[in-house]
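Chains, contacts and geometry: an overview
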Amino acid sequence: MKVLTRELTLTVPQRRAIVSLHREVVDLVKESGVQEGLCLVNAMHITASVFINDDESGLHHDYEVWLEGLAPHAPTSQYRHNGAEDNADAHLKRQVMGREVVVAITGGRLHLGPWEHIFYYEFDGRRPKRILVKIIGE
Amino acid sequence: MKVLTRELTLTVPQRRAIVSLHREVVDLVKESGVQEGLCLVNAMHITASVFINDDESGLHHDYEVWLEGLAPHAPTSQYRHNGAEDNADAHLKRQVMGREVVVAITGGRLHLGPWEHIFYYEFDGRRPKRILVKIIGE
Amino acid sequence: MKVLTRELTLTVPQRRAIVSLHREVVDLVKESGVQEGLCLVNAMHITASVFINDDESGLHHDYEVWLEGLAPHAPTSQYRHNGAEDNADAHLKRQVMGREVVVAITGGRLHLGPWEHIFYYEFDGRRPKRILVKIIGE
């Protein structure tokens, strides 16, 4: 069995942003030498998501508006989690978008559909956060 | 390590529908010869989901109504993604229902609870779409 | 390849509750002897979730309120699934929180971020339910 483990670190300067991880994950699969296997990509922090969807800025704006409607940031007093913190909405939004993706590796490459693109969604940025990439296979 | 990779293709004639993948996945696990391992089933398109829930038509109707409430199709002008397209709601609904499922294989069979049933949820049909099944193990 | 398969059973006395699975999963990874691999933890019932988020009671209360807003239990007559049953909302809530988590194993331990904690979310308790832990690797 071949294995590759890598933590990526990034600091988003805003509270929220969508950041592509696609090129990094593609490169790590190549580096791993795995021909057939699975690639797990997950947020290591609980106020962020890893998800796969369209690389299109209009849609990313739509996600922002939609998630703010489903789990509003303000008023922060509506959440019990918000004592010393003000990020309860981030913990909620992350459940809608998900913690992780598992992607197949076939013939040494990520086995993706035509528009599948791997993203990180930061819901409470302005500090360093980590993403884990774990690849196993042969 | 044993591996099976298979793309399933289907064309849903309506915009939205829930389609069972259960029999196909059960058969592929058998075909793979894997006794112990993992089975990944994911939509390869970003306006569709693979999920596990009840094989009950009343519930499937409830999902339709519920998702339409959470992420309405109309008016399509409410979404920036909808320029040439009108399927922004499909990209949102798919995040609620999920991209993929990972199911254990034990003793040569999918290791499922009594009511777990694997489904595909099409949110923007009327064209061929693919689903990936990737099985790894021994 | 090393494999560990374990079904955990628990009965939540209320309709809904969040229960930690963290210690059990940590112990099973140790028991498996797997140094590098993947750990799948999934609800085997379709009215429950396994998810990773904060071990903080205020946030757990916020999830309760938030999910009840997104997919209310009452009036039960609003759902077609509710003929002999009254748990349609449980099938909906579980889709928001997810069926499963896949966690990397590195150096013989779960590879988790600082606040990641594995939980079971029961949406229709008062009867025995099972959770599956499947560990594969080397």
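Above this note sits the structure.
A quick note: this is a predicted structure, and the numbers were derived from the prediction, not measured.

Here is what the cut-offs are and how they apply
Residues numbered from 1 in each chain as written. Chains lettered and ligands numbered in written order. Predicted model: local features only at pLDDT ≥ 70, side-chain atom pairs only at ≥ 80, totals over all residues. Heavy atoms only, no water. Contact = heavy atoms within 4.5 Å. Buried area = accessible area lost by both parts, 1.4 Å probe. Salt bridge = Lys/Arg side-chain N within 4 Å of Asp/Glu carboxyl O. Polar contact = N/O pair within 3.5 Å; in protein donor to acceptor, adjacent residues only side chain to side chain. Helix = DSSP H or I, 4+ residues; strand = E, 2+ residues; numbered from the N terminus. Nonpolar A, V, L, I, M, F, W, Y, C, P; charged D, E, K, R; others polar. Buried < 20%, exposed > 50% of the residue type's maximum accessible area, 1.4 Å probe, protein only.

With that out of the way, let us pick up the interface of chain B and chain C. Facing the 32 residues of chain B at the interface are 30 residues of chain C. For the pair chain B and chain C, the summed buried surface comes to about 2,500 Å²; carbon and sulfur atoms form 61% of the total. Three residues, D62(B), W66(B) and H111(B), lead the burial of chain B against chain C; their summed loss comes to 22% of the area buried on that side. When the shortest N-O distance is used, the salt bridge between R99(C) and E116(B) registers 2.7 Å. In this structure, the connection of chain B to chain C is made through 17 residue pairs in polar contact (both at pLDDT 80 or more). Elements that contribute at least two residues to the side of chain B that touches chain C include exactly β3 (37-43), β4 (48-53), α2 (57-70), α3 (88-97) and β5 (100-106) of chain B. Of the residues assigned to the side of chain B that touches chain C, the class counts are 17 nonpolar, 8 polar and 7 charged.

Within the element layout of this structure, A104(B) appears in strand β5. Judged by its relative accessible area of 0%, A104(B) is buried. Sequence separation of A104(B) and L38(B) is 66 residues, and the distance between their C-alpha atoms is 4.7 Å. The contact partners of A104(B), leaving out residues within four places of it in the chain, are G37(B), L38(B), R109(B), L110(B), H111(B), L40(C), L132(C) and K134(C).

Turning next to the pattern of salt bridges. Applying the stated rule across the entire model yields 48 salt bridges over all chains. The partner of R15(A) in a salt bridge is D124(A), and the shortest N-O contact between them spans 3.6 Å. Placement of R15(A) in the loop between β1 (2-11) and β2 (17-20) and of D124(A) in the loop between β7 (117-122) and β8 (128-137) is noted, with a sequence separation of 109 residues between them. Like R15(A), the residue D124(A) is buried in the burial classification. The salt bridge involving R16(C) is made with E64(C); its shortest N-O contact spans 3.0 Å. Of this pair, R16(C) sits in the loop between β1 (2-11) and β2 (17-20) while E64(C) sits in helix α2 (residues 57-70), placing them 48 residues apart in sequence. Connected through salt bridges with shared partners, the residues R15(A), D86(A), D124(A), R126(A) and R127(A) form a single ionic network.

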